Amino acid sequence: MIMEDVAEVLVVSSRAQLEHLEQQRVVVMNKDYGPLSSEQEQGLCAFVERGGGLVCVGDVVEAYHECELLGKLLGRVSGFCTPRCEIIARVEQADHYISRRCDASFAVNEALYLLDDVPTDAQILWKTTWHFSVKTLAYTRPYGRGHIFCTTLGAAAATQAMPVFQQMLTRATTYVAGEACEERAMRIAMIGYGAIGFEHGTAVSHVAGLRLELVCDRSEERLRQAATAFPGVRTCTDMSEVMEDPDIDVAIVSTPPNTHAAIAQQMLQADKHVVVEKPFCLTTAEADETLRIARERRRVVTVYQCRRWDPDYLAVQQIMAQNMIGPIFHMETFIGGYQHPCDYWHSHEPISGGVFYDWGSHYIDWILNLIPDPVVSVRGVTHKRVWHDVTNADQASISIRFANGQEAIFVHSDIAAALKPKWYILGERGAIVGDWRHEIVKTRRWSGDLIEEHLAAAEALPSMKVFIRADGDSIHEQHVSLPPAPSYMFHRNLANHLHNGEALAVPAEEARRNIAVMEAAQQSARHDGEIITVSC
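These notes cover the structure that comes with them. (Residues numbered from 1 in each chain as written. Predicted model: local features only at pLDDT ≥ 70, side-chain atom pairs only at ≥ 80, totals over all residues. Heavy atoms only, no water.)

**Concerning the nonpolar core**
Okay, step 1: Counting residues in each nonpolar core, the largest one holds 102 residues, and the members touching the most others are Phe280 and Ile398.
Okay, step 2: Per element, the largest residue contribution to this core is 9 residues, and it comes from helix H15 (residues 508-526).
Okay, step 3: Not counting residues up to four positions away in its chain, the partners in contact with Ile398 are Phe356, Ile364, Val378, Arg379, Ala408, Ile409, Phe410, Val517, Met518 and Ala521.
Okay, step 4: The next biggest cluster of nonpolar side chains, apart from the first, holds 32 residues, and it includes Tyr97, Ile98, Val108 and Leu112. (Core = buried A, V, L, I, M, F, W, Y, C linked by side-chain atoms within 4.5 Å. Buried < 20%, exposed > 50% of the residue type's maximum accessible area, 1.4 Å probe, protein only. Helix = DSSP H or I, 4+ residues; strand = E, 2+ residues; numbered from the N terminus. Contact = heavy atoms within 4.5 Å.)

**Notes on the packing of helix H10 (residues 284-297) against H15**
Helix-helix packing: each pair is described by the crossing angle between the helix axes and the interaxial distance.
Okay, step 1: For the pair H10 and H15, interaxial distance at closest approach is 9 Å and the crossing angle is 165°. Taken as axis vectors, H10 and H15 run roughly antiparallel relative to one another. The handedness of the crossing between H10 and H15 is left-handed. Contact residues: H10 offers Thr284, Ala287, Asp288 and Leu291, while H15 offers Ala508, Glu509, Arg512, Ile515, Ala516 and Glu519.
Okay, step 2: Taken together, the residues that form the contact of H10 with H15 break down as 5 nonpolar, 1 polar and 4 charged. (Axes fitted to C-alpha atoms, helices over the stretch in contact; angles between N-to-C directions. Parallel < 35°, antiparallel > 145°, perpendicular 65-115°, else oblique. Left-handed = near helix turned anticlockwise from the far one by under 90°. Nonpolar A, V, L, I, M, F, W, Y, C, P; charged D, E, K, R; others polar.)

**Some remarks on the packing of aromatic side chains**
Here a ring pair, both rings aromatic, is described through the centre-centre distance and the interplanar angle of the planes.
Okay, step 1: If you walk through the whole model with that rule in mind, you get 12 aromatic pairs.
Okay, step 2: Between Phe80 and Trp130, the ring centres sit 6.2 Å apart and the planes meet at 55°, which makes this aromatic pair tilted. Here Phe80, found in strand S4 (residues 78-81), pairs with Trp130, found in strand S8 (residues 123-130); they are 50 residues apart in sequence, far enough to count as distant.
Okay, step 3: By relative accessible area, which is 18% here, Trp130 ends up buried.
Okay, step 4: Seen from their ring centres, Tyr344 and Trp345 are 5.7 Å apart, and the 40° between their planes marks the pair as tilted.
Okay, step 5: An aromatic cluster is present here, built from Tyr313, Trp359, Tyr363, Trp366, Phe410 and Trp423 joined pairwise through their rings. (Phe/Tyr/Trp six-rings, centres within 6.5 Å; stacked < 30°, edge-to-face > 60°.)

**What about the state of the cysteines?**
Okay, step 1: Scanning the entire structure with this criterion turns up 0 disulfides.
Okay, step 2: Unpaired in terms of disulfides, Cys81 finds its nearest cysteine sulfur in Cys85, a separation of 12 Å.
Okay, step 3: When its relative accessible area of 47% is taken as the criterion, Cys81 is described as partly exposed.
Okay, step 4: Among the cysteines around Cys236, which has no disulfide bond, Cys216 carries the closest sulfur, lying 3.7 Å off.
Okay, step 5: Cys236 sits in the buried class, given a relative accessible area of 4%. (Disulfide = S-S within 2.5 Å.)

**Side note on the sheet that holds strand S14 (residues 250-253)**
Sheet strands line up and pair through hydrogen bonds in the backbone, either parallel or antiparallel.
Okay, step 1: The 6 strands lie next to each other as S13-S12-S11-S14-S15-S16, forming an open sheet whose pairing is parallel. Because the sheet does not close on itself, it has two edges, and the strands there are strand S13 (234-236) and strand S16 (301-304). Along the sheet, successive strands turn relative to each other by an average axial angle of 25°, direction set aside.
Okay, step 2: Bridge count between strand S12 (residues 210-216) and S13: 3 bridges; the pairing is parallel. The residue bridging Val215 from the neighbouring strand is Thr235, located in S13. (Pairing = 2+ DSSP bridges.)

**Here we look at the sheet that holds strand S18 (residues 375-383)**
Okay, step 1: In space, the 9 strands of this open sheet follow the order S26-S25-S22-S21-S17-S20-S19-S18-S27, with mixed pairing throughout. Every other strand in the sheet has two partners, leaving strand S26 (475-480) and strand S27 (532-533) as the edge strands with one partner each.
Okay, step 2: Note that strand S17 (residues 328-336) and strand S20 (residues 407-413) share 7 bridges and pair parallel. Counted as the bridge partner of Phe334 is Val411 from S20.
Okay, step 3: Lying over the sheet, helix H11 (residues 311-321) contacts S17, strand S21 (423-427), strand S22 (430-435), strand S25 (463-469) and S26, oriented at roughly 5° with respect to S21.
Okay, step 4: The strands that H15 touches are S18, strand S19 (395-402) and S27; relative to S18, the one it contacts most, it runs at about 50°.

**Observations regarding the pattern of salt bridges**
Okay, step 1: One pass over the structure, following the stated rule, counts 33 salt bridges.
Okay, step 2: Among the ionic pairs, Glu8 bridges to Arg25, the shortest N-O distance being 3.8 Å. Residue Glu8 is located in the segment before strand S1 (9-11), and its partner Arg25 is located in the loop between S1 and strand S2 (26-29); the two are separated by 17 residues in the primary sequence.
Okay, step 3: Using a relative accessible area of 32% as the deciding quantity, one classes Arg25 as partly exposed.
Okay, step 4: A salt bridge links Glu439 to Arg437; its shortest N-O distance comes to 2.9 Å. (Salt bridge = Lys/Arg side-chain N within 4 Å of Asp/Glu carboxyl O.)

**What to know about the environment of Val108**
Okay, step 1: Positionally, Val108 belongs in strand S6 (residues 105-110).
Okay, step 2: Assessed through its relative accessible area of 3%, Val108 is described here as buried.
Okay, step 3: Considering only alpha carbons, one finds Val108 and Ile87, 21 residues apart in sequence, at a separation of 5.4 Å.
Okay, step 4: Filtering out sequence-adjacent residues up to four positions away, Val108 remains in contact with Cys85, Glu86, Ile87, Leu153, Thr159 and Met162.

**A short note on the side chain of His260**
Okay, step 1: Secondary-structure assignment places His260 in helix H9 (residues 260-269).
Okay, step 2: For His260, a relative accessible area of 0% translates into the label buried.
Okay, step 3: A distance of 2.6 Å separates a polar side-chain atom of His260 from the backbone oxygen of Thr255.
Okay, step 4: Discounting chain neighbours no more than four positions away, the residues touching His260 are Val253, Thr255, Val276, Glu277, Lys278, Pro279, Phe280 and Cys281. (Polar contact = N/O pair within 3.5 Å; in protein donor to acceptor, adjacent residues only side chain to side chain.)

**A closer look at H15**
Okay, step 1: Here H15 spans 27 Å end to end across 19 residues, near enough to the 27 Å set by a 1.5 Å rise per residue.
Okay, step 2: Directly beyond the C-terminal end of H15, a positive phi value near 55° is found at Asp528. (Expected span 1.5 Å × (residues − 1).)

**Structural notes on the environment of Trp130**
Okay, step 1: Taking C-alpha positions, Trp130 is 42 Å from Ala229, a pair spaced 99 residues apart along the chain.
Okay, step 2: When near neighbours in sequence (up to four residues on either side) are disregarded, Trp130 contacts Phe80, Thr82, Pro83, Cys85, Ile87, Leu114 and Lys135.

As structure tokens, then:
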């Protein structure tokens, strides 16, 4: 488990280790070690009593709750064993250090010791239901000058490998070590307010540990919209007010792409952590300079790659994690249709960066996460054939070659009368196909007449299927149910990083890799599709 590399944390592998705890701050017990001697029990109790931390996982509570001394340490619990089955763990205390901003619920499949009774001084953190009654899965309690965290989850290796369980144990280790701090909400300033600004503000408002403090925009109308949407938020039209405000911890840069790098760098120089809308910037030189300043100022910079939590992408990740189709060797992705582009800055290449930087910012991010091997070459091709009133290309494609021979293609077209699948992924043992759904929203006029509105392809989730080759050359086709989209995952992760030191979901270095590919594709397109050698 992940605590093994933490200094002064002992993950017990044998009973004998319990006799020498003088140099430890936290002891982690994660299995039934067999009967403990009275000296071992006394040593563990004395360790916690004088201020040490104890984390008990899996079978430990069941194995030792009836011991004379450990029973007092654990708090005289009682429970019963379930057969191996699916159990839904639910957060009981959403404002506790250990459970704050964790998933509200998650499923495990293992035989568990469910707790009917816990000590009266225990804080129950996770619970479940069994036969219409509530049972405890995890709790913490004080003992002497120390603290104990106990969970009956984690006897199964599959549970121990779950990110949410690893998060639980890491935080529990910090908490019982006495290192958990009271949180002061990170105060957020938003630079640029529009539809995405509202999205950021809504997420910040729903995530503990973040607070929307200030919105900066040159438009008084947009500032009025922000003040209406988020009562109490301060507003300003001068970005220097954000930079000079010592109360602002984080700046969200939600302006047009051609301004991202300059504003992000100014905010970092002003000692603000920075969230940048996608695309990160327009060139790798801009990305490198932004990363350099972030390292120099010791500030966080991350990029809002929010579509890493789209249900169809999560489904693809799950299929790959289960190794259902084997390693990917060929991948195609597509978005578009045949319709007039908007006349906003999204369609003006000098501001937006062009078609490559629009949906490509998300699709290239998906591709590079699903095929993490180094990129060795990029080819970009664009067409300008129909929509001459905007500067973006009508269609753009990026072809990527990877170090181990894999290839990936992304196409964005505004002149595609027939749609290709959103996902076409070939693995060594199968394939994944995601077809666009053609959805119609039906409503009625006041008169009762039917109104039918055709949704754009991107406004509906695709229909996903997986194809697996079986013995005898038969192909098994399975429909894939999409997982629900988790709420506010990017902003929860941001808060968990700033408050708990947990890893960023979107390190800026990964976003820099996206820019390197899109910049190379743009360079290639300007030279008639010349293949550009890259290393990223």
